[in-house]
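Results of the structural survey
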Amino acid sequence: MASDAPYQQDAPATARLREAGCVFLGKTTMPEYGWKGVGDSPFSGITRNPWDISTGPGGSSSGAAVAAALNLGCIHLGTDGAGSVRIPAAFCGVFGLKPTYGRVPAWPASVMGFLAHLGPLTRTVRDAALAMNAIGRPDARDMTAFKDAPPDFTAELDRGVRGLRVAWSPRLGGDVPVDPEIAALTHAAALTFRELGATVEEVDPGFDDPIATLMTLWAAGAALALRSADAAARAQMDPGLVAVAETGERIDGASYVDALLNQRNGLAYQMAQFHERFDLLLTPTLPLPAFAVGRNTPELGAYGEDWTRWTPLTYPFNITQQPAASVPCGLTSAGLPAALQIIGAFGNDLLVMQAAAAFEAARPFVRVDAPIKSI
């Protein structure tokens, strides 16, 4: 359940933005506890995509992405536990950054634990860099956060990508169905890095889909979130959230610790080795454009009934805690945004931002300033 009750103190990111002189306009919508990748909840209703309001904006930071697309303020904050900044950024045609875990302090701690990252959604990469200069500063309330000040993201933003070693992986080695237009637009976007002076090679990181690891941690987090909710409270909640929490209640402690430590560490080590060969990894952010609003999954059955199955390119990098950004890279024939995901090694947020800025300069983002499609 959600509440409009005022908080007694700012969260770290909010505090840092307030200290930097930001004027706050309001809170934006999201599904309950950010549990899914679309933008509806029993509390706030349905949030729609400004490019075509018959489609959804993605989630869980749905309202933040919509506000960014409509230029309702310069800086919007989202949380990302499995793609929840990058998914709505991709569907809404804006920039979204999931920083390295701990680069942006969080408090109170998320029920999703070490999966949960905080990051900006903005209309430009530079606006996100300005945000990161503020929200990346330390906060003693988060024991897992970096203790050092962030780099100056704006001062070094325009360094470019010349000489970088870039890997392009259209499916991360899996068999995920990719919409042909998304495939073409993101492939062309990846080749732009070659034009900018980087070497680009099509290669997969070589790991198996870590969905089981994600769902162990995700379901356990949902169980914690709903631990004090009785039957009457649960009856008012999103049924999908309740079902995930009930799955989490059946996870034993040993399985949780195995996923938290062994499985996460194994995948992180594989990606650390990968980044010894490549500075950046590029993928589509999502394998499909925005689909009908009010649904958890696309109308076509290619992705099954679980929302995580149409987001297989985002959540691996929550498990590894690497920085990953989503940049718009064109429009489909239906006028819906496509997006490229840029992933860097753990701690190399600045390089990801530099790559995003170089791409933005070479292929300026299309804006939603044109008349919005209606139902």
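Structure first, text after, so check above.
Below or above, wherever it landed, is the structure these notes cover.

**What about the pattern of salt bridges?**
One pass over the full model with this rule turns up 16 salt bridges. Of the charged contacts, one joins Asp139 and Arg16 as a salt bridge, the two residues approaching to 2.9 Å between their closest N and O atoms. Pair noted here: Asp139 is in the loop between helix H4 (125–135) and strand E6 (165–168) and Arg16 is in helix H1 (residues 12–19), with a separation of 123 residues, a long-range link. A salt bridge links Lys36 to Asp40; the shortest N-O distance between them is 3.0 Å. Each member of the pair Lys36 and Asp40 is classed as buried. Overlapping salt bridges, with partners in common, bring together Arg16, Glu19, Arg137, Asp139 and Arg141 in one network.

**Quick look at the side chain of Thr55**
Within the element layout of this structure, Thr55 appears in the loop between strand E2 (45–46) and helix H2 (62–69). A polar atom in the side chain of Thr55 sits 2.7 Å from the backbone oxygen of Asp52. Setting aside residues up to four positions removed in sequence, Thr55 forms contacts with Arg48, Asn49, Ala290, Phe291, Ala292, Val293 and Leu336.

**Some points on helix H6 (residues 211–225)**
Look at H6: 21 Å from first C-alpha to last across 15 residues, which is about the 21 Å you get at 1.5 Å a residue. Buried residues dominate H6, accounting for 12 of its 15 residues. Restricting attention to buried positions, one finds in H6 the residues Ile211, Thr213, Leu214, Thr216, Leu217, Trp218, Ala219, Ala220, Gly221, Ala222, Ala223 and Ala225.

**So, unusual backbone geometry**
Following Gly59, the chain continues to Ser60 via a peptide bond in cis, the omega torsion being 15°. With respect to the element layout, Ser60 can be found in the loop between E2 and H2. A cis amide bond links Trp107 to the next residue, Pro108, at an omega of -5°. By the element assignment, Pro108 lies in the loop between strand E4 (95–98) and strand E5 (117–122). In this model, Tyr33 sits at a positive phi of 55°, which is unusual for a non-glycine residue. Looking at the element boundaries, Tyr33 is found in the loop between H1 and strand E1 (40–41). The phi angle at Leu172 is positive, at roughly 55°, despite the residue not being glycine.

What counts, and where the lines are drawn
- Residues numbered from 1 in each chain as written.
- Predicted model: local features only at pLDDT ≥ 70, side-chain atom pairs only at ≥ 80, totals over all residues.
- Heavy atoms only, no water.
- Salt bridge = Lys/Arg side-chain N within 4 Å of Asp/Glu carboxyl O.
- Helix = DSSP H or I, 4+ residues; strand = E, 2+ residues; numbered from the N terminus.
- Buried < 20%, exposed > 50% of the residue type's maximum accessible area, 1.4 Å probe, protein only.
- Polar contact = N/O pair within 3.5 Å; in protein donor to acceptor, adjacent residues only side chain to side chain.
- Contact = heavy atoms within 4.5 Å.
- Expected span 1.5 Å × (residues − 1).

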